[in-house]
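Each chain, written out:
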Amino acid sequence: MILLSLPSRTDRDLYPALMSPELNAKYPTDQKAFVRIDVSLRMYWHTLFDICPELLELSGLDGMSIFRPFMAWAGEKKLAFDWSYYLWVYAWLRQSPFKERLLADDKYLRSVMAASAARWAILDRGRDCGIVIGCADTTNLVIGWKCRSVRLGREIELIEPEEPLPAPPDLFGYFTLQSFELDIFPGWQSLAR
């Protein structure tokens, strides 16, 4: 007797379907692979719209007119979904049909910058105390601070510097702070992909 086993798919095999609606649609909804893809997509959807619900004003309640095309674009650009995830969404929105509405109200920009700063403050395990995020669309800066003590939580600040810093060479730039003071400007770093 010969036992034949079906080839098994690993999560890695499913990555392309996360980023491409066309590939995702090829999996029947009753397959285990579809469920794994759907669960992963829901995590990214909630990571975006639970933290930045203002974006649903642009797209409608399901958010799919932003989420699916952004995921396809992010797959083409091979973007990392680290703390800068929200900033990449904004970069995509600036070149999307939502551009005019996006740029008409800076609450969207403030929201994504604050979300990215908060995510950095939660995820970063290095010795830096804070991150400063700048954008070519504004002179305001957003700073994310890690916990200063066990009694205090992480903090996010929006500041309007008296003397604006030079604009980042790309749409967004950042630098980190080694103390809990904004007393240096070492220059902008570009977002990692």
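Residues numbered from 1 in each chain as written. Predicted model: local features only at pLDDT ≥ 70, side-chain atom pairs only at ≥ 80, totals over all residues. Heavy atoms only, no water.

Tallying secondary structure elements over the protein gives eight helices and four strands in all. Ordered by position in the sequence, the α and β elements of the protein form the string α-α-α-α-α-α-α-α-β-β-β-β. Viewed in the frame of its principal axes, the protein has a C-alpha envelope of about 75 × 40 × 30 Å. Scored against the burial criterion, the 193 residues of the protein give a buried share of 39%. Counting only contacts in the protein whose residues sit at least 6 apart along the sequence, the fraction spanning at least 24 positions is 52%. When the accessible surface of the protein is split by element, carbon and sulfur atoms take 53% of a total near 11600 Å². (Helix = DSSP H or I, 4+ residues; strand = E, 2+ residues; numbered from the N terminus. Buried < 20%, exposed > 50% of the residue type's maximum accessible area, 1.4 Å probe, protein only. Contact = heavy atoms within 4.5 Å. Areas by Shrake-Rupley, 256 points an atom, 1.4 Å probe, with all protein chains shown as cover.)

We now examine unusual backbone geometry. Although it is not a glycine, Lys-78 sits at a positive phi angle of roughly 55 degrees. Take Lys-78: it is sitting in the loop between α5 (64–77) and α6 (85–93). Here Lys-78 falls in the exposed class, since its relative accessible area comes to 67%.

Our next topic: the pairing of strand β1 (residues 130–135). Burial runs high along β1: six of the six residues are buried. Of the two faces of β1, the one lined by Gly-130, Val-132 and Gly-134 and the one lined by Ile-131, Ile-133 and Cys-135 are each fully buried. Counting the residues between successive antiparallel strands, the hairpin from β1 to strand β2 (residues 138–145) contains two residues. (Pairing = 2+ DSSP bridges.)

Right, let's get into the pattern of salt bridges. Going through the model one piece at a time under the given rule, you end up with six salt bridges. As a salt-bridge pair, Lys-146 and Asp-124 come within 2.7 Å of each other at their nearest N and O atoms. You can see Lys-146 sitting in the loop between β2 and β3 (155–159) and its partner Asp-124 sitting in the loop between α8 (107–123) and β1, a full 22 residues away along the chain. A salt bridge links Glu-155 to Arg-148, with the shortest nitrogen-to-oxygen separation between them at 3.8 Å. Here Glu-155 falls in the partly exposed class, since its relative accessible area comes to 32%. (Salt bridge = Lys/Arg side-chain N within 4 Å of Asp/Glu carboxyl O.)

A word on helix α3 (residues 32–49). The end-to-end C-alpha distance of α3 is 26 Å, a good match for the 26 Å that 18 residues give at a rise of 1.5 Å each. All of the buried residues along α3 are Ala-33, Phe-34, Ile-37, Leu-41, Trp-45, Thr-47, Leu-48 and Phe-49. (Expected span 1.5 Å × (residues − 1).)

Another aspect to go through is the sheet that holds β1. Spatially, β3-β2-β1-β4 is the arrangement adopted by the four strands of the open sheet, whose pairing is antiparallel. Of all strands in the sheet, those bounded by a partner on one side alone are β3 and β4 (172–177). Ignoring which end each strand starts from, the neighbouring axes of this sheet average 20 degrees apart. Two strands pair when backbone bridges link them, and β1 and β4 are joined in this way by six bridges, in the antiparallel orientation. Its bridge partner lying in β4, Ile-131 is registered against Thr-176. (Axes fitted to C-alpha atoms, helices over the stretch in contact; angles between N-to-C directions.)

Before going further, it helps to examine the environment of Gly-144. Of note, Gly-144 is situated in strand β2. The exposure class of Gly-144 is buried, given its relative accessible area of 0%. In this structure the C-alpha to C-alpha distance between Gly-144 and Arg-119, which are 25 residues apart in sequence, comes to 8.5 Å. Once residues within four sequence positions are removed from consideration, Gly-144 is found in contact with Ala-117, Trp-120, Cys-129, Gly-130, Ile-131, Glu-155 and Ile-156.

For the protein, per-residue confidence averages 89 on the pLDDT scale, and 94% of positions sit at 70 or higher. The secondary-structure element of the protein with the lowest mean pLDDT is helix α1 (residues 11–19), recorded at 71, while β1 shows the highest, at 98. (pLDDT = per-residue confidence, 0-100.)

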